[in-house]
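Observations on the model geometry
The primary structure of each chain is shown beneath.
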Amino acid sequence: QGADELVFLDITATNEGRGTMVDVVESVSRKVFMPLTIGGGISSVIDMDRLLKAGADKISLNSAAVANPELVRQGAETFGNQCIVVAIDVKTDPVTGKRMVYTHGGTKPTELEAVPWAKKVVSLGAGELLVTSMDADGTKAGYDLELMRNTNDRVTIPTIASGGVGNLQHLADGILKGGADAVLAASIFHFGQYSIPEAKQYLADQGIEMRL
């Protein structure tokens, strides 16, 4: 349908103490001829190498980056910055209102604030950030635009907005109001609410440069 990239996140791998399903990556990469980002259960450069050889183009780190930030640097130095995506799952602290980083598929809180953590992983060599609002995820009420804007105003690498898309205007808002370089959506495409060509044409009609 013309998607620019496929992001494949095995979100229970870390919780279940297993690696990402390499066999699935191999079978997907044989059928998919667009950039493929893989995340979940990756905890070493060896894991990254295995997935890249299986057909991944980029590696997404989340829980492992929090547990061992040096893994970001090691991955970037070994495979290049363009290969390392740091996924940041964010929830708002109900008491302080601060945007805090969560790990293990958004189930475990950390002491890290989202924007300072984003700046740190950029300094370590991350080439891209996948920022997901766990508050917005599944609501279909739109991205957390404040979170995206605050992040984008403070980092110099590409960002992907994630979490909360319910309609095509939300995709446009992620770019035009949130400042994201790319937008991710799942359920609106999985359940056939919209097609990818529809989405891309809608964004192009709003003056956003698209590969049609």
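Look above for the structure.
Residues numbered from 1 in each chain as written. Predicted model: local features only at pLDDT ≥ 70, side-chain atom pairs only at ≥ 80, totals over all residues. Heavy atoms only, no water.

Considerations on the nonpolar core
Side chains that are nonpolar tend, in soluble globular proteins, to be buried together. In terms of nonpolar packing, the biggest core is built from 49 residues, with Ile59, Leu61, Val72, Val86, Ile88, Leu129 and Leu171 touching the most fellow members. For this core, the leading source of residues is helix H5 (residues 114–124), giving six residues. Discounting chain neighbours no more than four positions away, the residues touching isoleucine 59 are Ile38, Ile42, Met48, Leu51, Leu52, Cys83, Ile84 and Val85. Among the nonpolar cores identified, the runner-up in size contains five residues, and Ala87, Leu130, Ile160 and Leu184 belong to it. (Core = buried A, V, L, I, M, F, W, Y, C linked by side-chain atoms within 4.5 Å. Buried < 20%, exposed > 50% of the residue type's maximum accessible area, 1.4 Å probe, protein only. Helix = DSSP H or I, 4+ residues; strand = E, 2+ residues; numbered from the N terminus. Contact = heavy atoms within 4.5 Å.)

Remarks on the environment of alanine 180
In this fold, alanine 180 is placed in the loop between helix H7 (168–176) and strand S9 (182–183). Alanine 180 sits in the buried class, given a relative accessible area of 6%. For the pair alanine 180 and leucine 145, spaced 35 residues apart in the sequence, the C-alpha separation amounts to 9.3 Å.

Quick look at the pattern of salt bridges
Scanning the entire structure with this criterion turns up twelve salt bridges. As a salt-bridge pair, aspartate 4 and lysine 200 come within 3.1 Å of each other at their nearest N and O atoms. Pair noted here: aspartate 4 is in the segment before strand S1 (6–9) and lysine 200 is in helix H9 (residues 196–205), with a separation of 196 residues, a long-range link. The exposure class of aspartate 4 is partly exposed, given its relative accessible area of 34%. (Salt bridge = Lys/Arg side-chain N within 4 Å of Asp/Glu carboxyl O.)

Quick notes on the pairing of strand S6 (residues 108–113)
Of the strand pairs in this sheet, strand S5 (residues 99–103) and S6 are connected by three bridges, and their pairing is antiparallel. Considered in S6, the bridge of methionine 100 is made with glutamate 113. (Pairing = 2+ DSSP bridges.)

Concerning the packing of helix H2 (residues 45–54) against helix H4 (residues 70–79)
To characterise two packed helices, one gives the angle between the axes of the helices and the distance between these axes. Contact geometry for H2 and H4: axes closest at 10 Å, N-to-C directions at 45 degrees. Between H2 and H4, the angle falls in the class oblique. The hand of the H2/H4 crossing is right-handed. Judged by residue contacts, Val45, Met48, Asp49 and Leu52 of H2 engage Leu71, Gln74, Gly75, Thr78 and Phe79 from H4. Tallied by class, the residues present in the contact of H2 with H4 amount to five nonpolar, three polar and one charged. (Axes fitted to C-alpha atoms, helices over the stretch in contact; angles between N-to-C directions. Parallel < 35°, antiparallel > 145°, perpendicular 65-115°, else oblique. Left-handed = near helix turned anticlockwise from the far one by under 90°. Nonpolar A, V, L, I, M, F, W, Y, C, P; charged D, E, K, R; others polar.)

Quick word on the packing of helix H1 (residues 22–31) against H2
Between H1 and H2, the least distance of the axes is 8 Å, while the angle of their chain directions is 30 degrees. Regarding the angle of H1 to H2, the classification is roughly parallel. Seen from H1, the contacting residues are Val22, Val25, Glu26 and Ser29; seen from H2, they are Arg50, Leu51 and Ala54. Its residues assigned to classes, the contact of H1 with H2 comprises four nonpolar, one polar and two charged.

Brief notes about H7
The buried count for H7 comes to seven of nine residues, which makes it a mostly enclosed element. Within H7 the residues assigned to the buried category are Leu168, His170, Leu171, Ala172, Asp173, Gly174 and Ile175. If you follow the buried residues of H7, they end up packed against helix H6 (145–152), S9, helix H8 (187–190) and H9. With a side-chain oxygen positioned 3.0 Å from the backbone nitrogen of glutamine 169, the residue opening H7 is asparagine 167. (Polar contact = N/O pair within 3.5 Å; in protein donor to acceptor, adjacent residues only side chain to side chain.)

Let's talk about the pairing of strand S3 (residues 58–61)
Neither face of S3 is open: one carries Lys58 and Ser60, the other Ile59 and Leu61, and all of them are buried. As judged from the three bridges shared by strand S2 (residues 36–39) and S3, these two strands associate in the parallel manner. Within S3, the residue paired with threonine 37 across the bridge is lysine 58. Pairing of S3 with strand S4 (residues 84–92), which is carried by three bridges, proceeds in the parallel orientation. By the bridge assignment for S4, isoleucine 59 is matched with isoleucine 84.

So, to be careful, I would describe these as geometric facts and stop short of saying anything about function.
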